[in-house]
Amino acid sequence: MKRKLQITLLFLFISLPIMAQKFQVIDEVLKVPISFATISFGDGRGTFAGEDGVFDFPKEKYPDIDSLHISAIGYTEKGFSTKEIPTTIALQPEASELSEVIVTAPKRGKYKTKKQKPVTHEDIHTSWLPTVESEVAVLFKRYEGESTRIAKILLPINAETQYKSKGKGKFATIFRIQFYKNDNGLPGKAIVHEKIVFAIDQDTQKIFELDIQSKQIFIPEEGIFASLQVLGYADDNGKLMQSKKYREIKTKRGIQKISTAFRPLLPFTNEFPLQKTYVRRIFLNNKKWQVFDETYNENSNLIKSGFRHYGMGVTFHVFEEKK
């Protein structure tokens, strides 16, 4: 009995540091969790909080990180030394700048359903390998200039099902859709809306259909950018796994940090020469958006071969004007 008690106490003692390394991000005003907040390490790497605003930061796993920057769309960013991170991190809401894109009540009346078809393929050599630090955005305009709601996002994916026999196992990856204003052809200010987070697994077909009709996303006159971003792998309960999002590899030049690539792959296409896909790295280059061409990476095989566009599609609800 005494030995069992000693083992139990030892287990609790060992567990304490791990428990103490969990932190939660909340809304400073409402005191509610901020789901999937961005945790930047300030060195080009980072992670995300879970749906409950909780994230892990075990110092033994990140011995070289000395600061954290916590941010979320619609909130003022905060930074901390890793030596003094509060257990609860409260972010102050920014003044909301809602535009005509977000409406508080559904449009009434008849509408037509129209589609901008997605483009996909199964060639892994002309597919993008998403990482947790990357975000891909595509511009959508109103259908023939009429009042247009985005009803569904149609995401081309390559789940590599034909490679299962070569050791490709099961996966479930959590993604996030976000919307941005069109700032003279570039993704501009993020638009505040309900979070759109979902999982894709190895059984998903070539096109993943995401119904967002209830979100009431209307396209303004200048158009709107829709982006796709990886948050990480899901655990057996469908929750975001709190795991290291990069690998450390020993080289002659020292330890190199390589971002983890997540499945599924994203098929890129050469069918839209006049359209542009924009990409950015969440933890680098001040989150600057760049067009996916030679100016982004002249050594990219996708760019060299002309596969420069993510063939995201949408289903529109086009409303008839009342007369």
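Numbering of residues begins from 1 in every chain and follows the order in which that chain's sequence is written. With pLDDT at 70 or above as the cut-off, local features in this predicted model cover only qualifying residues; side-chain atom pairs require 80 or more to be listed or tallied, and sums for whole chains, interfaces and linings still use all residues. Hydrogens and water are ignored here; the side-chain numbers use all heavy atoms of the structure.

**A closer look at the overall build of the chain**
Note the threshold: The helix and strand labels rest on DSSP assignments: H or I over at least four residues marks a helix, E over at least two residues marks a strand, and numbering proceeds from the N terminus. The buried label goes to any residue with under 20% of its type's maximum accessible area, the exposed label to any with over 50%, and the partly exposed label to all in between, with areas taken from a 1.4 Å probe on protein chains only. By the convention used here, residues are in contact when the closest approach between their heavy atoms is within 4.5 Å. Each accessible area is a Shrake-Rupley estimate made with a 1.4 Å probe; only the visible protein chains count as cover when residues are assessed.
If you tally the helices and strands in the chain, you get two helices and 23 strands. Here the chain holds 323 residues, and 45% of them are scored as buried. Relative to all contacts within the chain whose residues are 6 or more apart in sequence, the contacts with residues 24 or more apart total 74%. Split by element, the accessible area of the chain, about 17800 Å² in all, is 51% carbon and sulfur.

**Overview of the sheet that holds strand S4 (residues 54-56)**
Which entries qualify depends on this criterion: Pairs of strands are assigned from DSSP output, requiring at least two bridges between the strands. Structural elements are reduced to axes, namely lines fitted to C-alpha atoms, with helices fitted over the stretch in contact, and the angle between N-to-C directions of any two is expressed from 0 to 180 degrees.
Read from one edge of the open sheet, three strands run S4-S1-S7, paired in mixed fashion. Of all the strands in the sheet, just S4 and strand S7 (88-91) have a single pairing partner and so form its edges. Going from strand to strand, the sheet's axes swing by 25° on average, the running direction of each strand aside. Sheet topology note: the strand S1 (residues 22-27)/S7 ladder contains four bridges and is parallel. Across the sheet, Gln 24 pairs through a bridge with Thr 88, a residue of S7.

**Focus: the environment of Tyr 75**
This is how it is decided: Whenever two N or O atoms come within 3.5 Å, that pair is a polar contact, provided that in protein one can donate a hydrogen and the other can accept it, and provided that, for residues adjacent in sequence, both atoms are side-chain atoms.
On the secondary structure map, Tyr 75 appears in the loop between strand S5 (67-71) and strand S6 (78-81). Overall, Tyr 75 belongs to the buried group, its relative accessible area being 18%. Along the primary structure Tyr 75 and Glu 94 are separated by 19 residues, whereas in three dimensions their C-alpha atoms are 5.0 Å apart. Apart from residues lying up to four places away in sequence, Tyr 75 is in contact with Asp 27, Ile 34, Leu 91, Gln 92, Pro 93 and Glu 94. At a separation of 2.7 Å, a polar atom in the side chain of Tyr 75 contacts the side chain of Asp 27.

**Examining the sheet that holds strand S11 (residues 148-156)**
One key point about sheets: their strands pair by backbone hydrogen bonds, in either a parallel or an antiparallel sense. The strand order S8-S23-S11-S15 describes an open sheet built from four strands, whose pairing is antiparallel. Across the chains shown, the open sheet's two edge strands, defined by having one partner strand only, are strand S8 (111-116) and strand S15 (207-211). Shown here is a sheet whose adjacent strand axes are inclined to one another by a mean of 20°, direction ignored. Pairing geometry for S11 and strand S23 (residues 313-319), over six bridges, is antiparallel. Within the sheet, the bridge partner assigned to Arg 149 lies in S23 and is His 317.

**A short note on the confidence of the model for the chain**
Note the threshold: For every residue, the predictor assigns a confidence score, pLDDT, that lies between 0 and 100.
Here the chain averages 85 in pLDDT, while 85% of its residues score no lower than 70. In this model residues 4-20 is a low-confidence stretch, pLDDT under 50, and it forms zero contacts with partners more than four residues away in sequence or in other chains. Under a pLDDT of 50 for its full length, residues 97-105 has, in the predicted model, 22 contacts with residues more than four places off or in other chains.

**So, the pairing of S23**
A large share of S23 lies buried, amounting to seven of its seven residues. Residue alternation in S23 divides its side chains into two sets, Gly 313, Thr 315, His 317 and Phe 319 and Val 314, Phe 316 and Val 318, and both sets are buried. Note: S8 against S23, six bridges, orientation antiparallel. Paired with Tyr 111 across the strands is Phe 319, a residue of S23.

**Comments concerning the side chain of Glu 133**
Structurally, Glu 133 is set in the loop between strand S9 (127-128) and strand S10 (134-140). Those residues in contact with Glu 133 that sit more than four places away from it in its chain are Gly 44, Arg 45, Ser 259, Arg 280, Arg 281, Ile 282, Phe 283 and Leu 284.

**Things to note about the packing of aromatic side chains**
The condition that has to hold: Between the rings of Phe, Tyr and Trp (Trp by its six-membered ring), a pair exists once the centres lie within 6.5 Å; its type follows the angle of the planes, with under 30 degrees stacked, over 60 edge-to-face, and the other angles tilted.
Taken as a whole, this structure holds 18 aromatic pairs when the rule is applied. For the pair Tyr 111 and Phe 319, a centre-to-centre distance of 5.3 Å together with 55° between the ring planes defines the contact as tilted. In this pair, Tyr 111 is assigned in strand S8 and Phe 319 in strand S23, connecting sequence segments 208 residues apart. By relative accessible area, which is 35% here, Tyr 111 ends up partly exposed. Overall, Phe 319 belongs to the buried group, its relative accessible area being 3%. Here the aromatic rings of Tyr 233 and Phe 262 are separated by 4.7 Å at their centres, their planes lie at 55°, and the arrangement is tilted.

**Re the pattern of salt bridges**
For the record, the criterion: Throughout this description, the term salt bridge denotes a Lys or Arg side-chain nitrogen within 4 Å of a carboxyl oxygen of Asp or Glu.
According to the stated counting rule, one finds 12 salt bridges in the structure shown. Between Lys 22 and Asp 56 there is a salt bridge whose closest N-O contact spans 2.8 Å. Of this pair, Lys 22 sits in strand S1 while Asp 56 sits in strand S4, and the two are 34 residues apart along the sequence. Here Asp 56 falls in the partly exposed class, since its relative accessible area comes to 22%.

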